[in-house]
Amino acid sequence: MNTNRKSSILIIYTGGTIGMKADAADLALKPFDFSQILEEVPELSKFAFKIDSYTFDPLIDSSDVEPTMWQKLACVIRDRHDRYDGFLVLHGTDTMSYSASALSFMLEGLDKPVIFTGSQLPIGVPRTDGKENLISAVEIASARTPDGEAAVPEVCIYFGSKLLRGNRTTKISAEQFDAFASPNLPALAEAGISIRYNQALIRRPDPGVPFHVDTRLDTRVSILKIHPGITPGVVRNILLGAETRAVIIETYGSGNAPTAPWFLDIVRRAKEMGKVLVNVTQCPSGCVNMNLYATGKPLLEAGTVSGYDSTTESALAKLFHLLGIYADNGRVEQLFDSDLKGEITK
Ligand code: ASP
């Protein structure tokens, strides 16, 4: 990759551990402002990049992230798209996979890198992972192909030496520096002495789709995690609730669920009500195949749509996005079944 041409990068600081320090009063981690992050990482000035920043107000722990924050983030990128070669989003790790998934669907025709990163230890702490994450993410956001194109024109997470497609990620550790995994897609790049890009996996923008942002989201989605001992009352509340247009059913293995008549009866009733029902496996890796077992087939026959090898985070964001655009649930099901942004393997 050619990283010589001068790039300009916008760092969007939303909050998260990377920019927190212990409050003197109660010792709880609370956010500090971006200038202090820059003071902790003087290495950034060694790059020939122009680095600007945009700070969210208020800064948040990502457990407080709401879809309105995704809309704001998408608009910040849209309004500055022409001025920067790449965008870095400093974000808490707890919901980073949800936010990166959401942005991957909301940013259409993306031709520049949008790299999320953060850290497990605050940047002011001697053993912080924040410095390496931040510095390498800046390098990736500014990297170009020999033709001068963005090396990674995708929404990604850079964490623990790996660049992962955002909508393939899930947070897997509350304490390891390797906090994220992409169980069904290899890393798009790995950072060692040099950053090695997996060119074959990196998506290229479709020249026919100019960059634009679609901020419409409909959050009337719920998640039903199947478990032994689940009761009809719980399943009924989630699947038949008037509040939802769609439910993600987190199933066992390759998409299997109880075959008890009461369970399938509720699933059929939810379908009769016109709900979108999506089958996503609880297994961290692998794919839904409802044809494999007698415990999967009834869900297929009842009209449940396969989530393939989607993460739950990505399925949720994809549903918010599609329901926000289409009033017709049939159209949502159709599009859910297709690979929109590299989020599933078909
Ligand atoms: N609670 C923090 C957050 O998600 C954790 C972190 O950043 O690692 O904002």
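Quick notes on the rules
- Residues numbered from 1 in each chain as written.
- Predicted model: local features only at pLDDT ≥ 70, side-chain atom pairs only at ≥ 80, totals over all residues.
- Heavy atoms only, no water.
- Helix = DSSP H or I, 4+ residues; strand = E, 2+ residues; numbered from the N terminus.
- Rg over C-alpha atoms; globule rule 2.2 N^0.38 Å.
- Contact = heavy atoms within 4.5 Å.
- Areas by Shrake-Rupley, 256 points an atom, 1.4 Å probe, with all protein chains shown as cover.
- Pairing = 2+ DSSP bridges.
- Axes fitted to C-alpha atoms, helices over the stretch in contact; angles between N-to-C directions.
- Near = heavy atom within 4 Å.
- Polar contact = N/O pair within 3.5 Å; in protein donor to acceptor, adjacent residues only side chain to side chain.
- Nonpolar A, V, L, I, M, F, W, Y, C, P; charged D, E, K, R; others polar.
- Salt bridge = Lys/Arg side-chain N within 4 Å of Asp/Glu carboxyl O.
- Buried < 20%, exposed > 50% of the residue type's maximum accessible area, 1.4 Å probe, protein only.
- Disulfide = S-S within 2.5 Å.
- Phe/Tyr/Trp six-rings, centres within 6.5 Å; stacked < 30°, edge-to-face > 60°.
- Lys NZ or Arg CZ within 6 Å of the ring centre and 35° of its normal.

(A) Structural view of the overall build of the protein. If you tally the helices and strands in the protein, you get 9 helices and 18 strands. Computed over C-alpha atoms, the radius of gyration of the protein comes to 21 Å, within 12% of the 20 Å expected from 2.2 N^0.38 for 346 residues, which places it in the range of a compact globule. Restricting the contact set of the protein to residue pairs at least 6 apart, pairs at least 24 apart contribute 73%. About 14900 Å² of surface is accessible on the protein, with carbon and sulfur atoms providing 51% of the total.

(B) Region of the structure containing the sheet that holds strand S8 (residues 155-159). Across the sheet, 8 strands lie side by side as S4-S1-S5-S7-S8-S9-S12-S13; this open sheet has mixed pairing. Of all the strands in the sheet, just strand S4 (50-60) and strand S13 (195-197) have a single pairing partner and so form its edges. Here the strands of the sheet are splayed against their neighbours by 20° on average, with no regard to which way each runs. Each of strand S1 (8-15), S4, strand S5 (86-90) and strand S7 (114-117) is contacted by helix H2 (residues 67-80), which is oriented at about 160° to S4, the strand it contacts most. Strand contacts of helix H3 (residues 96-106): S7 and S8, with the helix running at about 155° to S8, the strand carrying the most contacts.

(C) Highlighting the site of the ligand. Around the ligand, the neighbouring residues are Gly16, Thr17, Asp61, Ser62, Gly92, Thr93, Asp94, Ser119 and Gln120. Contacts to the ligand include Thr93, whose side-chain N or O atom sits 2.4 Å from an oxygen atom. One of the backbone N or O atoms of Ser119 is found 3.3 Å from an oxygen atom in the ligand. Alone, the ligand offers 260 Å² of accessible surface; in the complex the protein occludes 90% of this. Residues belonging to the shell around the ligand are distributed by class as follows: no nonpolar, 7 polar and 2 charged.

(D) Expanded view of the pattern of salt bridges. One pass over the structure, following the stated rule, counts 15 salt bridges. Between Arg165 and Glu154 there is a salt bridge, with its nearest N and O atoms 2.7 Å apart. Of this pair, Arg165 sits in strand S9 (residues 162-165) while Glu154 is found in the loop between helix H4 (130-142) and S8, placing the two residues 11 residues apart along the sequence. Just as Arg165 is buried, Glu154 falls in that class too. A salt bridge links Lys271 to Glu333; its shortest N-O distance comes to 2.4 Å. Of the two residues, Lys271 is situated in helix H6 (residues 261-272) and Glu333 in helix H9 (residues 329-336); the sequence distance between them amounts to 62 residues. If you follow the salt bridges from partner to partner, you end up with Asp218, Arg220 and Arg245 in one network.

(E) Geometry of the state of the cysteines. Applying the stated rule across the entire model yields 0 disulfides. In this structure Cys287 is not part of a disulfide, and its nearest cysteine sulfur, from Cys283, lies 11 Å away. Judged by relative accessible area, Cys287 falls into the partly exposed class, the value being 36%.

(F) Quick look at the pairing of S7. Here S7 shows a buried face lined by Val114 and Phe116 and a second buried face lined by Ile115 and Thr117. Summarising the sheet, S5 and S7 pair through 4 bridges and their orientation is parallel. Note that in S7 the partner of Phe87 across the bridge is Val114. By the bridge criterion, 3 bridges tie S7 to S8 in an arrangement that is parallel. Across the sheet, the residue bridging to Phe116 is Ile157, located in S8.

(G) Spotlight on the packing of aromatic side chains. The full count for this structure, using the stated rule, is 7 aromatic pairs. Between Tyr13 and Phe34 the ring centres are 5.9 Å apart and the planes differ by 50°, which places this aromatic pair in the tilted class. Residue Tyr13 is found in strand S1, and its partner Phe34 is found in helix H1 (residues 34-40); the two are separated by 21 residues along the sequence. Look at Phe47 and Phe49: their rings are 4.6 Å apart centre to centre, the planes differ by 15°, and that puts the pair in the stacked class. Taken as a pair, Phe47 and Phe49 share a single burial class, namely buried. Between the NZ or CZ atom of Arg331 and the centre of the ring of Tyr326, over which it lies, the distance is 5.5 Å.

(H) Local environment of the environment of Arg204. Tracing the chain through its elements places Arg204 in the loop between S13 and strand S14 (212-213). A C-alpha to C-alpha distance of 32 Å links Arg204 and Gly19, two positions 185 residues apart in sequence. Excluding residues that lie within four positions of it along the chain, Arg204 makes contacts with Thr145, Glu149, Ala150, Ala151, Pro153 and Gln199. Here the side chain of Arg204 touches Ala150 through a polar contact of 3.1 Å, landing on its backbone oxygen. Looking at Arg204, its side chain comes within polar contact range of the main-chain oxygen of Ala151, at 2.9 Å.

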